[in-house]
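Here is what each chain is made of, one letter per residue.
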Amino acid sequence: MNKINDLCNFLDNSPVNFWAVESTRTLLEKNGFTQLEMRDQWSLTKGDRRYVVTNGSAIFAFIVGSDAPANAGFNMIAAHSDSPGFRLKPGCEMLCEGNIVKLNTEVYGGPILYTWFDRPLSLAGRIILRSDNPLRPISKLVKIQQPLLVIPHLAIHFNRAVNEGNNLSKQKDMLPVIALSSKSHRNLIRNLVAEYTNEKADDIIDYDLSLYNVSPATVTGINNEMICSGRLDDLSMVHAGLSALIDAAATSSRHTRVLAVFDNEETGSGTKQGAASPVLQHILRRITYALGGDETAYMRAVASSFMISADNAHGWHPNYSEKYDPTNHPVLGGGPCIKVNANCKYMTDADSAAVFAAICQKAEVPVQYFVNHSDVAGGSTLGNILTSQIPLRGVDMGAPLWAMHSACETASVSDHLNTIKAFTAFYEL
Ligand code: ZN
């Protein structure tokens, strides 16, 4: 159960994308990985453990293989650091009757809105501080630990039909309250964050702050078989990939092993730190070149590589069996799932599915298949977007979840342990 305690700590320490990257970075540093900067010249040798951070919200770790990438390729796992939720807008403080202050927010990605009501929330992200060079302001992480906010639901007495379905406006219904009788609402957030970080409010030029659910990750079920937490999608897969990379690091491999944690998957990956950008391609090229290879060596490396695109799947829900495919509905506790889509929304094909199934067999882990009910449009993920940047052979997979994009999702303890086992076996190839 140690790995599950680790997962719970990882989730609790990672309330938003920036902190997920920080938690990953901390664990990598503890295990002998050192940081490289994209703007520096790189020199690498066999066995080096390195990582790169981009925008503070995406992280790419690798262990240089004993054979050149051109010969052995990259064995890669990809996941994402971001989760759906609410971001503060600039100038977010809104003064209401009785000096109540609420905050103006914008929805990020596709959260299940009503799961965010009536629970203690707080703020986390980063502030950007003035420096002598306008081109290089200083970024500093912020995580306000204590509960700070609540999005109060309307009482049932004002809407007796609330349980028959209730349309929500993101602008009207979802704004959190931070204070009941504030003396001054102007710059309330800036002053609060300045005090919290020991910085001068005037030095804070801007911020990326998001709401987060302060309830810690919790193991539940009569046999402690479930885990409930915000951000399981996709931090459980980030954690599994990271644990596997660290566990496998003791074994040398001819393959250069890579863990890629992208940002902005929930909004379509279209940022410089997202999977639709060339960021991973650049890093793989840089690795190849730093080891003495050229462009042909890079292309040979890509042709020999394999990608596991790890993002959670939908587990069969006991209250909604009609939503699932009649023959491919993975269950929580049944093991990691290979995701298949005839219209190529997943990168999986029979060849790459067979590779992942064989890895699971080697790791003695059960494997399941997820396919959408043909009348239900599914989501997309990292794999197919990545292949537009790098023509990689690979599989889309993930451990099954309930309530994907809820403020509190549910997954299976054994699936997480089995996912780590499968990933470790992959990195040990
Ligand atoms: Zn996801």
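For every chain, the first residue of the written sequence is number 1, and numbering continues from 1 along that sequence. Whole-chain, interface and lining totals are the exception, using all residues; otherwise, since this is a predicted model, local features are given only for residues with pLDDT of at least 70 and side-chain atom pairs are given and counted only at 80 or more. Side-chain measures were taken over the full set of non-hydrogen atoms in the model, leaving aside hydrogen atoms and water.

Let's talk about the coordination of the zinc ion
Coordinating donors are taken as N, O and S atoms within 2.8 Å of the metal, stretched to 3.2 Å for Na, K and Ca; because water is absent from the atoms, sites can appear incomplete. Coordination of the zinc ion by the protein is provided by His80 (NE2), Asp233 (OD), Asp311 (OD) and Asp311 (OD), with metal-donor distances spanning 2.0 to 2.7 Å. With four donor atoms in place around the zinc ion and angles of 53 to 144° between them, the coordination shape is irregular. Expressed as a motif, the donor residue spacing for the zinc ion is H-x152-D-x77-D. Placement of the pair is histidine 80 in strand β4 (residues 74-80) and aspartate 233 in helix α5 (residues 232-248), with a sequence separation of 153 residues. Buried residues are those whose accessible area, probed at 1.4 Å on protein chains only, stays under 20% of the maximum for their type, while exposed residues exceed 50% and partly exposed ones sit between those limits. Look at aspartate 233 and you get buried, because its relative accessible area is 2%. Any site counts as irregular unless it has four donors with all angles between 85 and 135 degrees, making it tetrahedral, or four or six donors with opposite ones more than 155 degrees apart and the rest between 65 and 115, making it square planar or octahedral. Here a helix means four or more residues in a row that DSSP labels H or I, a strand means two or more in a row labelled E, and each is numbered from the N terminus.

Remarks on the packing of helix α8 (residues 350-362) against helix α10 (residues 413-427)
Only C-alpha atoms enter the line fits that serve as axes; for helices the fit covers just the stretch in contact. Angles between N-to-C directions range over 0 to 180 degrees. Running from N to C, α8 and α10 cross one another at 105°; their axes reach a closest spacing of 8 Å. On the basis of their axis angle, the class for α8 and α10 is roughly perpendicular. When α8 is examined against α10, the residues Phe356, Ile359 and Cys360 are found in contact with a partner set consisting of Ala422, Phe423, Ala425 and Phe426. Gly falls in the polar group here, along with every residue not listed as nonpolar (Ala, Val, Leu, Ile, Met, Phe, Trp, Tyr, Cys, Pro) or charged (Asp, Glu, Lys, Arg). Its residues placed into classes, the contact of α8 with α10 shows seven nonpolar, no polar and no charged. Orientation categories follow fixed angle ranges, with anything under 35 degrees roughly parallel, anything over 145 roughly antiparallel, 65 to 115 roughly perpendicular, and all other angles oblique. When checking whether two residues touch, look at their non-hydrogen atoms; a contact exists if any pair is within 4.5 Å.

With respect to the pairing of strand β17 (residues 368-371)
Only one face of β17 is covered, namely the one carrying Gln368 and Phe370; the face carrying Tyr369 and Val371 has none of its residues buried. Two strands form a pair only when DSSP identifies at least two bridges running between them. Alignment of strand β16 (residues 337-340) against β17, held across four bridges, turns out to be parallel. Among the inter-strand pairings, cysteine 337 is bridged to a residue of β17, identified as glutamine 368. For the crossover that starts at β16, traverses α8 and ends in the parallel β17, the hand is right-handed. The definition of a right-handed crossover adopted here requires that, viewed with the strands pointing away, the path from the first strand over the helix to the second runs clockwise.

A few points about the state of the cysteines
Cysteine sulfur atoms that pair up within 2.5 Å are treated as a disulfide. For the structure shown, the criterion picks out zero disulfides. The structure places no disulfide on cysteine 344, whose sulfur is separated from the nearest cysteine sulfur, that of cysteine 337, by 20 Å.

Brief notes about the sheet that holds strand β18 (residues 394-398)
The pairing of strands in a sheet happens through backbone hydrogen bonds and is either parallel or antiparallel. Taken in spatial order, the nine strands of this open sheet run β1-β2-β3-β13-β4-β14-β18-β16-β17, and their pairing is mixed. Lying at the two open borders of the sheet, with one neighbouring strand each, are β1 (34-36) and β17. When strand polarity is set aside, the average angle formed by the axes of neighbouring strands in this sheet is 25°. Relative to strand β13 (residues 256-262), β4 runs parallel, the two sharing seven bridges. When the bridges of β13 are listed, phenylalanine 74 appears paired with threonine 256. On top of the sheet, helix α6 (residues 279-290) reaches β2 (49-54), β3 (58-63), β4, β13 and β14 (306-310); it is set at about 155° to β13, its chief contact. Of the strands in this sheet, β14, β16, β17 and β18 are in contact with α8, which crosses β18 at around 55°.

Things to note about the pattern of salt bridges
Put simply, a salt bridge is a Lys or Arg side-chain nitrogen that is within 4 Å of an Asp or Glu carboxyl oxygen. Within this structure, the stated rule accounts for nine salt bridges. As a salt-bridge pair, lysine 3 and aspartate 247 come within 2.8 Å of each other at their nearest N and O atoms. In this pair, lysine 3 is assigned in helix α1 (residues 2-12) and aspartate 247 in helix α5, connecting sequence segments 244 residues apart. Here arginine 126 makes a salt bridge to aspartate 208, at a shortest N to O gap of 2.7 Å. Linking arginine 126 in strand β7 (residues 121-129) with aspartate 208 in strand β10 (residues 204-213), this pair joins segments that are 82 residues apart in sequence. We classify arginine 126 as buried; its relative accessible area is 14%. Taking the relative accessible area as the measure of exposure, aspartate 208 reaches 26% and is therefore partly exposed.

A word on helix α4 (residues 188-197)
Taken as a whole, α4 has its buried residues at Ile189, Val193, Ala194 and Thr197. With its buried residues spanning 130° around the axis, α4 presents them on a single face. Of the residues one or two after α4, asparagine 198 is the one with positive phi, at around 60°. Picture the helix axis, draw a direction to every C-beta atom, and the arc is the one those directions span.

With respect to the environment of leucine 121
Residue position: leucine 121 is located in strand β7. Separated by 93 residues in the primary sequence, leucine 121 and valine 214 have C-alpha atoms spaced 5.4 Å apart. For leucine 121, the contacting residues outside a window of four places in its chain are Trp116, Pro147, Leu148, Leu149, Ile151, Leu211, Tyr212, Asn213 and Val214.

None of this, on its own, says anything about what the molecule does.
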